[in-house]
Amino acid sequence: MRGLVVGWCLLSVVAEAQPAVPTVAPYPFEVLTRGIEPAKVEELQSVASRLLSNAGVAAQPKGTIKSALERLKRQDCGTEDDCLRQLATLSDALYGLYFSVAATPTAVTVAGRVVRDDGKRVAGPEQIVEERKPKEPIEAAMKRALPKLFTALKLSQLPAVREVVTPVKPPDPVKPPDLVKPPAVDAGVIDLPPPPPPPAEESVLRPAGIVTAIAGGALAVGGTVMFIVGRGQAGAVLLEGGVLKPGGTTEDARTARDATSLQSAGVAVAGLGVAAIGAGLVMLMMAPAEPVKTSVFAAPMPGGAAVFVTGVLP
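Not measured: the values here are computed from a predicted model. (Residues numbered from 1 in each chain as written. Predicted model: local features only at pLDDT ≥ 70, side-chain atom pairs only at ≥ 80, totals over all residues. Heavy atoms only, no water.)

(A) Seen up close, the environment of glutamate 80. Counting through the fold element by element, glutamate 80 comes out in the loop between α3 (62–72) and α4 (81–90). Judged by relative accessible area, which is 38%, glutamate 80 ranks as partly exposed. When the C-alpha positions of glutamate 80 and valine 115 are compared, they lie 9.9 Å apart, and in sequence the two are 35 residues distant. In this view, glutamate 80 contacts Arg74 and Arg113; residues no more than four positions away in its chain are not counted. (Helix = DSSP H or I, 4+ residues; strand = E, 2+ residues; numbered from the N terminus. Buried < 20%, exposed > 50% of the residue type's maximum accessible area, 1.4 Å probe, protein only. Contact = heavy atoms within 4.5 Å.)

(B) Inspection of helix α2 (residues 38–53) at higher detail. The end-to-end C-alpha distance of α2, which contains 16 residues, comes to 23 Å, matching closely the 22 Å that a straight helix rising 1.5 Å per residue would cover. Within α2, burial applies to Leu44, Val47, Ala48, Leu51 and Leu52. All buried residues of α2 project into a common sector of 135 degrees when viewed along the axis, lining one side. Along α2, the residues that are exposed and aim more than 90 degrees away from the buried face are Pro38, Ala39 and Glu42. In this fold, the buried residues of α2 make contact with β1 (23–26), β2 (30–31), β3 (58–59), β4 (95–103) and α5 (138–153). (Expected span 1.5 Å × (residues − 1). Arc of directions from axis to C-beta.)

(C) Up close: the layout of surface pockets. Quantified by volume, the second largest pocket comes out at close to 430 Å³. The wall of the second largest pocket is formed by 17 residues, among which Pro26, Pro28, Gln45, Ser49 and Lys62 lie closest to the centre. The set of elements that each furnish at least two residues to the lining of the second largest pocket consists of α2 and α3. Top contributing element to the lining of the second largest pocket by residue count: α2, with 6 residues. Per-class residue counts for the lining of the second largest pocket are 11 nonpolar, 5 polar and 1 charged. (1 Å grid on protein atoms, 1.4 Å probe; cavity = no way out; pocket = protein on both sides within 12 Å on 5 of 7 lines; lining within 4 Å. Points joined across faces, edges and corners; volume = space filled by probe spheres on them. Nonpolar A, V, L, I, M, F, W, Y, C, P; charged D, E, K, R; others polar.)

(D) Fine view of the pairing of strand β5 (residues 107–116). By the criterion of burial, β5 is predominantly enclosed, with 8 of the 10 residues buried. As judged from the 9 bridges shared by β4 and β5, these two strands associate in the antiparallel manner. Bridge pairing links serine 100 to alanine 111 in β5. In this structure, the hairpin formed by β4 and β5 is closed by a connection of 3 residues. Pairing of β5 with strand β6 (residues 121–131), which is carried by 8 bridges, proceeds in the antiparallel orientation. Bridge assignment links alanine 111 to a residue of β6, and that residue is glutamine 127. Here β5 folds back onto β6, and the loop between the two strands holds 4 residues, one of which, glycine 119, carries a positive phi near 95 degrees. (Pairing = 2+ DSSP bridges.)

Here is the structure:
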């Protein structure tokens, strides 16, 4: 019952957490159609940036992306996942994003993919083809196609933090009982000692439930501490609603982002701990009661021997 109370308290703390969004480092939007004027290309890139801001992700600032590209010194992010991985790492983001547009007189095609900072491709490649109306500008058709691409890539559903996997310690093996050495037999009288009772088979659910509940409690407490620390750090540089305080510096923005990531990690760890506590309690409730012991022994009788059984038979 005490574990259930602790679980409910932790759930109430997690419920107050601010929703975190994934941080994305977008590679400069590429226009693959030849013959388009540079001014039109810049206009299309501005339209793409505005549409990305509505896709449910936190795109890194242009200054951060520019600095990362100067250090990246690569131009193959359109085909190589490792290029996007390095871009995400240099931009202090969890994901790297590449997307492009190609146009014909009758259609506009947008394509993209997402790579995590550890090199794993988590979405794409996806491609959306949007038909153009007669004499329709490219940006008009692109405004319809890009949101569909972001939905196909499931940008808003990307985890804000990398998954945390905690191994569960297996229960200790059950030690078999020591064998009893039979006494010496008198040659004149046959006196059979009672055989040892069968070993009681203890259910593994009980020790496994205890270990799981304890590990879950530790995770829940650790996650709650992470969340509280992150929330305190965010409160020092952010106003209500997650807006940076007036006069905030780049360092304040980085502190706010780190605090948000710490809160998200705390929420994930605390949630995992609560789930482990619940699983441990379920295993404890499912563990069978103490097994009933049954004993069997033999005694000599005139003309033979008799076998006696005590206890409850299954």
